[in-house]
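Overview (structure and organization)
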Amino acid sequence: MLSLMSVKKQVSTDSVGQRIRALRLANNLTQDEFAAQLGVSRSAIAQWETDRAGQVRENLERISKVLGTSLAYLVSGETGSLQGDELALMRLYRACAPEDRQILLRTAKRLARS
């Protein structure tokens, strides 16, 4: 059974590029796979993730859709009205592998019914 703490090493999310990289990794996508989904080159992804500009601004909306996040989060790191424990839970959820995310959701649903 996978552990909830099988979170891979924490990735900094201080910049747009770092947030893109962290979300790509959280979605278990290689740069090649991510590039194919967006219709761009792998080198474009590498440039974005290292904040070396490229055409990231023109692609932010498509990036957010592929990575399942908001445009606001990509641009500013804003997570809406989440604070404290809620924000911590969201960050941990995003850092988990897909299998662990499912475990978290099932556990939360079970706890909410209690």
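Residues numbered from 1 in each chain as written. Predicted model: local features only at pLDDT ≥ 70, side-chain atom pairs only at ≥ 80, totals over all residues. Heavy atoms only, no water.

- Identification of the protein chain as Transcriptional regulator, contains XRE-family HTH domain from Acidiphilium rubrum is taken from an unreviewed UniProt entry.

1. Concerning unusual backbone geometry
- Here Asn-28, not a glycine, exhibits a phi torsion of approximately 55°, which is positive.
- As for its placement among the helices and strands, Asn-28 is situated in the loop between helix H1 (16-26) and helix H2 (31-38).
- Owing to a relative accessible area of 37%, Asn-28 belongs among the partly exposed residues under this scheme.
- Even without being glycine, Asp-51 reaches a positive phi, approximately 55°.
- Along the chain, Asp-51 turns up in the loop between helix H3 (42-49) and helix H4 (56-67). (Helix = DSSP H or I, 4+ residues; strand = E, 2+ residues; numbered from the N terminus. Buried < 20%, exposed > 50% of the residue type's maximum accessible area, 1.4 Å probe, protein only.)

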